[in-house]
Amino acid sequence: MARLGIVKEGSDETRVSATPDTVAKLLALGYEVVVERGAGAASSFPDSQYKTAGATVADKKKAWSSEIVMKVNAPTDAEIATMVPGTTVISMMSPALRPELLAALAKRGLTAIALDAVPRISRAQSMDVLSSMANLGGYRAVIESAYEFGRLFTGQVTAAGKVPPAKVLVAGAGVAGLAAIGTASSMGAIVRATDPRPEVADQVKSIGGEYVAVDVEEKMTSSDGYAKATSDAYDRRAAEIYSEQARDVDIIITTALIPGRPAPKLLTEADVASMKPGSVIVDMAAGMGGNVAGSKAGKRVVTANGVVILGYTDLPGRLPQQASQLFGTNMVNLLKLVTPEKDGQLILDFDDVVQRAVTVVQDGTVMWPPPPVQVSAAPVAAAAEEKAEPTPARVMSPVQKGFLKGLGLATVLAICAFAPAPLPQHFLVLMLSVVVGFYVIGKVHHALHTPLMSVTNAISGIVVVGAIAQLTSTNIVVQVLAAIGVLLASINIFGGFAVTLRMLKMFSKGGTK
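Residues numbered from 1 in each chain as written. Predicted model: local features only at pLDDT ≥ 70, side-chain atom pairs only at ≥ 80, totals over all residues. Heavy atoms only, no water.

A.B. asks: Explain the sheet that holds strand 16 (residues 359-362) to me, using residue names and the numbers behind them.
C.D. replies: Strand order in this open sheet of eight strands is 3-2-1-4-5-6-16-17, and the pairing throughout is mixed. Bordering the open sheet on either side are strand 3 (56-58) and strand 17 (365-366), each of which pairs with just one other strand. For strand 16 and strand 17, the ladder comprises two bridges, and the chain directions are antiparallel. Within strand 17, the residue paired with Val361 across the bridge is Val366. Packed onto the sheet, helix 5 (residues 99-107) meets strand 5 (88-91), strand 6 (111-114), strand 16 and strand 17 and runs at close to 35° relative to strand 16. (Pairing = 2+ DSSP bridges. Helix = DSSP H or I, 4+ residues; strand = E, 2+ residues; numbered from the N terminus. Contact = heavy atoms within 4.5 Å. Axes fitted to C-alpha atoms, helices over the stretch in contact; angles between N-to-C directions.)

Set out below in structure tokens:
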């Protein structure tokens, strides 16, 4: 049984890597959990709650000497020095941007697992801490902008006059962007959004936003689920749109990030200068260089023309309880993957693309970068092939049709004339039922319910009529079978109309759902 150490973060971090709720799940995986005293205080999780959950609350030395150390942020040089060689540390590390951190971890002989290196594939979504934190960050960005804006988001018409709704532009419709769009829209603002990927237009519209397309002859595709750098043509057209929108909107929230690279610049100084006094910009990429000219990481800046630029890098941390709970859940899901036997033993399997991607250092050896993970298939250019001439459909001539009709009629007449009784009578009934059934079923109106339900109800109706006619038979077996047929077909008919009525109520205002 390995010991997990939940350590206290620095003074500027409010989150914690495990909550009392997730501690119980870690214990269920077979681990011994030690929480550094006061680790959850900034997230309003007192030590008593950790004790109740089954964890041991201890001093800093014992927590940091655990076989596995769990953190939110990457360990500092001083913290690395306190860990015993062979220790596994799990946290966010930004491995693509911090080679010096990986070198320090490797020099100490540690194993490092970067939570922010989880590949964007379906089965890894439950471990994707970047998405979890971006979702909260997008929400909090709108709250911060609303506080700075100092006006209503929603429009109102009052006796004192008309108040127009706020106009919000969200640059980037990823996880953070969609969260911001949904929040601003729910608060009554007019929300617009841009993104290089045209397929997000429907997502933007579904949560109340308006998609502003950047029309260039370029299709954005991604092989790893993360944003890619755009072309020069796209950047030129996007810059024009941002300039137009900056003069019109009240609030801009930028979320554009490209993994392993500085944040792209979206708004220039001229764009910011063109905005109305009192406007607000929230640069969610400020920690990676910023999308906005003049933004500063972690700072609130007011420009000469009265525009407020927020470069806060701790937006998720401003919701510490929920952020810690989501972060801790991501951590638990990762540990479930690397603890297959639930015996408190962490086992890394590099045949698993997720485990290989997140392991950036193993026993003093730098493992970054991992082999590329194919997430979405890029469109394959089809080989140029000459289109074969379509084979014309064979059409029967009027003479052939007349011959077949005559042959069929002659066959019916022959059966009626020469077949022994009662075969001719039964045969005529069969032919008439086929004709009548075809026209009855084919003419059923589909306006009230689906074509399939219409057809099945029509067929059941014919069955009921036929079965009723056989109820007067002198044969007891025929009577029983006819009664069963009437019962089953009636159930199908009445059930079909009952389902139809419920469907109509679902799609009518004030109906039962």
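There's more to say after this.
A.B. asks: Lay out the pairing of strand 1 (residues 3-6) in plain terms, naming residues and giving numbers.
C.D. replies: Of the two faces of strand 1, the one holding Arg3 and Gly5 and the one holding Leu4 and Ile6 are both buried throughout. Of the pairings in the sheet, the one linking strand 1 to strand 2 (residues 32-36) comprises four bridges and is parallel in character. Bridge assignment links Ile6 to a residue of strand 2, and that residue is Val35. With helix 1 (residues 20-28) bridging strand 1 and the parallel strand 2, this β-α-β connection has right-handed handedness. Both strand 1 and strand 4 (residues 68-70) contribute to a ladder of three bridges, which runs parallel. Bridging across to strand 4, Leu4 finds its partner in Ile68. (Buried < 20%, exposed > 50% of the residue type's maximum accessible area, 1.4 Å probe, protein only. Right-handed = clockwise from strand over helix to strand, strands pointing away.)

A.B. asks: Before we move on, could you go through the pairing of strand 10 (residues 190-194) and cite the residues and values that matter?
C.D. replies: Among the five residues that make up strand 10, four are buried, leaving the element largely enclosed by the rest of the structure. Looking at chain direction, strand 9 (residues 167-171) and strand 10 are connected through five bridges and run parallel. Within strand 10, the residue paired with Leu169 across the bridge is Arg192. In this fold, the crossover linking strand 9 to strand 10 by way of helix 7 (residues 175-186) has right-handed handedness. One crossover worth recording links strand 10 to the parallel strand 11 (residues 210-211) by way of helix 8 (residues 201-206), and it is right-handed.

A.B. asks: Which residues make up the packing of aromatic side chains, and what are the values?
C.D. replies: Under the criterion given, the structure shown has one aromatic pair. Centre to centre, the rings of Phe149 and Phe153 are 6.2 Å apart; their planes meet at 80°, and the pair counts as edge-to-face. On the basis of relative accessibility, which here comes to 8%, the residue Phe149 falls in the buried class. What makes Phe153 buried here is its relative accessible area of 5%. Over the aromatic face of Tyr312 sits the side chain of Arg318, whose NZ or CZ is 3.9 Å from the ring centroid. Its guanidinium or amino end placed over the ring of Phe350, Arg356 lies 5.6 Å from that ring's centre, counting from NZ or CZ. (Phe/Tyr/Trp six-rings, centres within 6.5 Å; stacked < 30°, edge-to-face > 60°. Lys NZ or Arg CZ within 6 Å of the ring centre and 35° of its normal.)

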